[in-house]
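# A closer look at the structure
Below, each chain spelled out in residue letters.
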Amino acid sequence: MEFTSTVTEKKQVVPKKKYSPVREFWVNFKHQKTAFFASMFILLLIIIAIIGPSIAPYDPYKPDYDATLQGPSSEHILGTDEYGRDIFSRILVGTRITLSVSTSSVLLGAIVGTVLGIMSGYFGGWLDRIIMRSSDVMFAFPDLLLAIAIVAVLGPGLNNVIIAVSVFSVPSFARLVRGSTLEAKENTFVEAAKSMGAPHKRIMFKHIFPETVSSLIVFVTMRIGTAIIAASSLSFLGLGASPETPDWGAMLSMGRDYLGTASHVVMMPGIAIFLTVLAFNLVGDGLRDVLDPKTKNE
Amino acid sequence: MFQYILKRIIEMIPLLLVVSILTFLFIHMIPGDPARLVAGKDATLEDVNRVSIELGLDQPIWKQYVTFMGNLFKGDLGTSLKTGLPVSNMFADRFMPSIYLTLLSMGWALVIGLIIGTLSAVFKNKWPDHLGMVTAVSGISLPGFWLGLILIQIFSVQLGWFPTGGAEGWKSYVLPSITLGAGIMSMLARFTRSSLLETLKADFIRTGRAKGLKESSVLTKHALRNSLIPVVTIAGLQFGFLLGGSVVVETVFSFPGMGRLLIDSIAFRDYPVIQSALLLFSIEFILVNLIVDILYSTLNPKIQYE
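Residues numbered from 1 in each chain as written. Chains lettered and ligands numbered in written order. Predicted model: local features only at pLDDT ≥ 70, side-chain atom pairs only at ≥ 80, totals over all residues.

### Re the overall build of chain B
- In terms of regular secondary structure, chain B is built from 12 helices and 0 strands.
- Judged by the C-alpha coordinates and their principal axes, chain B covers about 85 × 60 × 30 Å.
- Counting all 306 residues of chain B, 38% fall into the buried class.
- For chain B, contacts bridging at least 24 residues in sequence account for 71% of all contacts bridging at least 6. (Helix = DSSP H or I, 4+ residues; strand = E, 2+ residues; numbered from the N terminus. Buried ≥ 20, exposed ≤ 12 C-beta atoms within 10 Å, placed from the backbone. Contact = placed C-beta atoms within 7 Å.)

Pasting the structure below:
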């Protein structure tokens, strides 16, 4: 609550009507029709992630060798894979994996990056130099390659994918938050808090952090899309989810051999990934226009 | 100008050093004894000890690093565990195809991205803008491996226009470079659009129009040149995205490049190859960013070369 209020306070330089900040955000966001629609789609995905396993018409793990590689039909609306498993059920169950892997890795990266970024911008000096030079070093390894290297060290598996994706998110978040911190530091209320003798921790997290939240929300949303693609790429490369897991990337990877004969095995999980990433990107675009019009397309 | 370039190169050295130390440490970060990993599961203790001496793993770690760097400057990247060949030999015929692929992808992505971005900005909120931005947001949301598989299905399997994989002749580069460039193209289109819209609001554009310049000359001579500056920077940063993406795309198209080699080596735990490939990728990335910095300074007269 507190976050949104400080965000919108900036915009209230030209207040049209007296709305509460949350209400004002909501009204503005609803005008972004595409983004609003996309956020409804994400809401649907979240519901599926929660109840997916119980509404799936078939067991997503159970093979049925009498019904392998069947095209979409009334029995199996998205068809079956090479083991005769129902693709629709696997996609429903896989929603939870996709959403939890991507959000947890982005949030993990965001938390670490935010703490580092605030400290870097607030204290400046040698701490700033160390943090920024280390992020330069991390940027020297192209992001997906960094993730691949981390998985090569830790071994394949979804938990290691989360670690890898969050590690490569840290420097971007650190830079973003450092930038907003440097700006926020100039505010008179920060100076006031300082002169009243408020401890550093309090200034950083009570006064400066709320100022960075609007750009953080936008960036987190955008990064979730990136994380979904990165995680499914790792699964596709055989470095992520194990092949029997109903992970969308792994499903696609398995279906590759049947591209010529049963292309739906590849198409369906691909469409699921595409629509989900698209939804996050569209919501990110909309949120940016409402919350943070300054940082277009960063 | 020359001094500026020199300064940037000198600034790069510490970064290269740290990157080399990290990639060197890579093999030591893997849980377990690297000598045991190299010797294999069924190796006896003697085998492990022999391998350890062979790889110099019995030496103190700083000495190992010095040897590693010394060999590196001699062009010796170690020996592959899988093939027994020198790693540099394995890279030799895979390096250039990957470079061609990335440059080709970046090339078309830049051209098309700039065109779409410019058209979208000029026709803001009209149909070319909507079409351009729908294409762009779809482009950044498409997973590369899926796009690649769809292209194979349509253009190789059904129409038979292009080969499904390999790197023989220009035809085998078409589909991989479309796949690899799609994401970058979209990002550049989005970025060009917002950068150009920003520039078009500037005072000097209004002045230009007021003094009766033709709209086309306002656009090309004044607006585009100024909005290109941030676009170049973004293009450089996104080069890393291309290098990462090339790993995926090369796997999809069975393209005999560095990315595919990296993935094959991970599956085989061929650590010397993984280590050198990572080092090479990051050096490539650092160099590209250096070139971008230099380009940036020639485009932007405001930068001082002190």
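### Here's the deal with the nonpolar core
- Formed by 139 residues in total, the largest nonpolar core has its most connected members in A:Leu145, A:Ala147, A:Ile148, A:Val151, A:Val161, A:Val165 and B:Leu188.
- No other element matches helix α9 (residues 200–236) of chain A, which puts 18 residues into this core.
- Non-local contacts of B:Leu188, meaning those with residues more than four positions away in its chain, are made with B:Ala109, B:Leu110, B:Gly113, B:Leu114, B:Gly117, B:Val231, B:Ile234 and B:Ala235. (Core = buried A, V, L, I, M, F, W, Y, C linked by C-beta atoms within 7 Å.)

### Side note on the interface of chain B and chain A
- Taken together, the contact pairs 38 residues of chain B with 35 residues of chain A.
- Taken together, the elements giving at least two residues each to the side of chain B that touches chain A come down to α1 (2–29), α6 (127–141), α7 (144–158), α8 (171–200), α10 (215–252), α11 (258–268) and α12 (271–299) of chain B.
- By residue number, the principal contributor to the side of chain B that touches chain A is α10(B), which donates 8 residues.
- Per-class residue counts for the side of chain B that touches chain A are 28 nonpolar, 9 polar and 1 charged. (Nonpolar A, V, L, I, M, F, W, Y, C, P; charged D, E, K, R; others polar.)

### Overview of the packing of helix α9 (residues 203–210) of chain B against α10(B)
All names here are of chain B.
- At their nearest, the axes of α9 and α10 sit 10 Å apart, and the two run at 150° to each other. Judged on the interaxial angle alone, α10 and α9 are roughly antiparallel. As α9 packs across α10, the resulting crossing turns out to be right-handed. Contacts between α9 and α10 pair Phe204, Ile205, Gly208 and Arg209 from the former with Val218, His222 and Ala223 from the latter.
- Residues that form the contact of α9 with α10 fall into these classes: 4 nonpolar, 2 polar and 1 charged. (Axes fitted to C-alpha atoms, helices over the stretch in contact; angles between N-to-C directions. Parallel < 35°, antiparallel > 145°, perpendicular 65-115°, else oblique. Left-handed = near helix turned anticlockwise from the far one by under 90°.)

### Topic: the UniProt feature "domain: ABC transmembrane type-1" (unreviewed entry) in chain B
- The feature "domain: ABC transmembrane type-1" (unreviewed entry), as given by UniProt, occupies residues 95–292 of chain B in the numbering adopted here.
- The annotated region residues 95–292 of chain B carries 84% helix and 0% strand content, and the separation between its end C-alpha atoms amounts to 21 Å. (UniProt positions renumbered as here; feature names shortened; annotations may be inferred.)

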